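Given next are the chains, with one letter for each unit.
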Amino acid sequence: MDVTEVLLPGVGLRYEFTNHEGERIAVVAERTGDFELVVYTGRDPDESRPVVRFNSEEADAVAEILGAPRIAERFADLTKEVPGLLAAQVEVRSASPYAGEPLGRTRARTRTGASIVAIVRGEDVIAPPMPDEVLQAGDVLVVIGTREGIADVDEIIQG
Amino acid sequence: MHTPAALLLELGLILTALSVLGGVARRLSLSPIPLYLLAGLAVGEGGVAPVPAAGEFVETGAAIGVVLLLLTLGLQFSLPEFTAGLRQHMPSAVVDLVLNAAPGAVTGWLLGFDGLGILALAGATYVSSSGIIARLLADLRRLGNRETPAILSVLVMEDIVMAAYLPLLAVLAAGGPWWQALLGTVAAVGAVLAAFTASYRWGHHLGRLLSHPDAEQLLLRVLGLTLIVAALAEVVHASAAVGAFLVGLSLTGETADRARAVLSPLRDLFAAIFFLGIGLSVDPEELVPFLPAACGLAAVTAVTKVVTGRYAASRDRVGRRGQLRAGTALIARGEFSLVIIGLVGTMHGGLAPLVTAYVFVLAVVGPLLTHLAGALPRGPDRAAAETVRPPHP
């Protein structure tokens, strides 16, 4: 998919693309952190029709909804090809003993056999994560392994 | 400490009145600036409700208002955006300058102003109000429109022209022999270039020096530095406004974003006082004889801005309706035309009332016209636009 980036001097950026149904869509990212989703209805090709506005917090939530499951899904597709292997998401809660600790300190793979293949942090995806990557509360770990392995990782992370 | 009750009361009444007026204007999605000017006229000398006690405060507040307006303008400036705009819209900027400065210059000449008066009036008709227009585009939800980048690029270009123009005007207004004016201008333009270089080479150092996680600390630091630089600039006759603009330019990145956020309520307050102060400094009786000239000039320069906007939008291959939206959006004049008047001062009989009336007309008419242009029926233009326009990349 081609995304065209357009500068809006003093305001922010606009990302334009056409979806599979041929609808022309743009996301206006304002410097204030607000986002606006618009579509071009086609009667006047230059006029946008505003659809929704998000403040930065809402935009984060939407990004997470759209982003995190897709990452897990992609790994889920991968695991389908290997019987017995599953992908799951494990959230690092603020109460977790490993929030603020490097990933390596969990020794998850050594202890469970399951692998942490990605960390979803807000809009960012860290894949593959390095052992010195410091976990933060709210991170979602994408874990691949057997059912027991994943359960063990969850137990370790939640403490 | 003696609390001046009269001052507090007058100021409170003024701010309350401004908030009511601003609320009305916003409801009609108009700029509150013209109403602030009217309020200033009403409370000034010869007005209906004079405020003797608050006059001095308004004068001081107005000076701070100019500084904050220019500081935030500098803060939102970004070199990559400017160079991108320059690449695509250099011809638009030239068209903008020629078409819109000329009517002001000619009018100034016809009215018998001297060189400085002509230059000031040319500047006042040239510069659109980036404040009004940016707000207008957001309010009308046009940020997604295809013509919007062209409008914003023209505005950025105007801002940078102002960076060279304001010091020139300030030095000329300070008087003195020609070589002093020349020297002052060279110094001022040199300072702008130096600020640019500094901000993109060492901007992060300045940012680190000023930035602080605490919003209050950040506010005090940025404001303190700005006022000091503004005062120094004023001492060398380069205008406090220019000094503030330089500080804004040299702050970049996250510090600039945060500084803008913490400063914006303060800016809104003092900018309102500045507009009030401009109205206050004009005698309503002086204004009346200039009304015909102001309206005529407004009509001419509204047309020239429409031409400018249409040209700029057509460079981005925008269709006819979009071109018209862009042209009408650019009509509004506002804060900078008034800053120019503030710089040249009241020593030019006629200039301040003329420009005040002029800004008043266009700050009202501009937003209204672009509102209407957006509501135009999508006529036969639609087919034409779709066949002419190549598909967007």
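Residues numbered from 1 in each chain as written. Chains lettered and ligands numbered in written order. Predicted model: local features only at pLDDT ≥ 70, side-chain atom pairs only at ≥ 80, totals over all residues.

Trainee: Residue-level account of the overall build of chain B, with values.
Mentor: Helix and strand counts for chain B come out as 17 helices and 0 strands. Taken over C-alpha atoms, the radius of gyration comes to 21 Å for chain B, in line with the 21 Å a tight globule of 393 residues would show. When the backbone C-alpha atoms are referred to their principal axes, chain B occupies close to 75 × 50 × 45 Å. Out of the 393 residues in chain B, the part that is buried amounts to 52%. Summarising the internal contacts of chain B: among those between residues at least 6 apart in sequence, 79% fall at separations of at least 24. (Helix = DSSP H or I, 4+ residues; strand = E, 2+ residues; numbered from the N terminus. Rg over C-alpha atoms; globule rule 2.2 N^0.38 Å. Buried ≥ 20, exposed ≤ 12 C-beta atoms within 10 Å, placed from the backbone. Contact = placed C-beta atoms within 7 Å.)

Trainee: Please set out the sheet that holds strand β9 (residues 140-145) of chain A residue by residue, giving values where relevant.
Mentor: Residues and elements named next belong to chain A. Ordered in space as β6-β9-β7-β8, the 4 strands form an open sheet in which the pairing is antiparallel. Lying at the two open borders of the sheet, with one neighbouring strand each, are β6 (86-91) and β8 (124-126). Geometrically, the sheet is characterised by an average inter-axis angle of 20 degrees between neighbouring strands, direction not taken into account. Direction of pairing for strand β7 (residues 115-121) relative to β8: antiparallel, over a ladder of 3 bridges. By the bridge assignment for β8, Val 120 is matched with Val 125. (Pairing = 2+ DSSP bridges. Axes fitted to C-alpha atoms, helices over the stretch in contact; angles between N-to-C directions.)

Trainee: Which residues make up the interface of chain A and chain B, and what values do they have?
Mentor: Contact with chain A, which involves 20 residues of that partner, is made by 28 residues of chain B. Broken down by secondary-structure element, the contributors of at least two residues to the side of chain A that touches chain B are β1 (4-8), β3 (24-30), β4 (35-40) and β5 (48-54) of chain A. With 4 residues, β1(A) is the single largest residue contributor to the side of chain A that touches chain B. Residues that form the side of chain A that touches chain B fall into these classes: 10 nonpolar, 3 polar and 7 charged. (Nonpolar A, V, L, I, M, F, W, Y, C, P; charged D, E, K, R; others polar.)

Trainee: Describe in detail the nonpolar core, supporting the description with residues and values.
Mentor: Counting residues in each nonpolar core, the largest one holds 133 residues, and the members touching the most others are B:Val67, B:Leu169 and B:Ala241. Among the elements that take part in this core, helix α7 (residues 148-173) of chain B stands out by supplying 16 residues, more than any other. Here B:Val67 is in contact with B:Thr226, B:Leu227, B:Ala230, B:Ala240, B:Ala241 and B:Ala244, once residues within four sequence places are set aside. Residues A:Val90, A:Val120, A:Val140 and A:Ile157 belong to the second largest nonpolar core, which totals 21 residues. (Core = buried A, V, L, I, M, F, W, Y, C linked by C-beta atoms within 7 Å.)

Trainee: Residues and numbers for the domain arrangement of chain A, please.
Mentor: When its domains are assigned, chain A resolves into domain 1 (4-54) and domain 2 (63-158). Taking only C-alpha atoms, the centre of domain 1 of chain A and the centre of domain 2 of chain A are 33 Å apart. (Domains from an automatic or database assignment.)

Trainee: Please give an account of the packing of helix α5 (residues 115-126) of chain B against helix α15 (residues 335-344) of chain B that cites residues and values.
Mentor: All names here are of chain B. Interhelical geometry of α5 versus α15 gives an angle of 160 degrees and a closest axis separation of 8 Å. Of the possible angle classes, the one that applies to α5 and α15 is roughly antiparallel. In this structure, α5 crosses over α15, and the sense of that crossing is right-handed. On α15, the residues that touch Leu 116, Ala 120, Gly 123 and Ala 124 of α5 are Ser 337, Ile 340, Ile 341 and Val 344. In terms of residue class, the contact of α5 with α15 is built from 6 nonpolar, 2 polar and no charged. (Parallel < 35°, antiparallel > 145°, perpendicular 65-115°, else oblique. Left-handed = near helix turned anticlockwise from the far one by under 90°.)

Trainee: Could you give an account of the environment of B:Val307, with specific residues and numbers?
Mentor: All names here are of chain B. With respect to the secondary-structure elements, Val 307 resides in helix α13 (residues 291-315). As for Val 307 and Asp 96, which are separated by 211 residues in sequence, their C-alpha atoms are 8.6 Å apart. Not counting the four nearest positions on each side in its chain, Val 307 is found in contact with Leu 99 and Gly 327.

Trainee: Could you give me a rundown of the sheet that holds β3(A), with the residues and numbers involved?
Mentor: All names here are of chain A. One open sheet accounts for 5 strands, arranged β1-β2-β3-β4-β5; its pairing is antiparallel. Either end of the sheet is taken by a strand with one partner, and the two such strands are β1 and β5. Pairwise comparison of adjacent strand axes, ignoring direction, gives a mean angle of 25 degrees for this sheet. Sheet topology note: the β1/strand β2 (residues 12-18) ladder contains 5 bridges and is antiparallel. The partner of Leu 8 across the bridge, within β2, is Gly 12.

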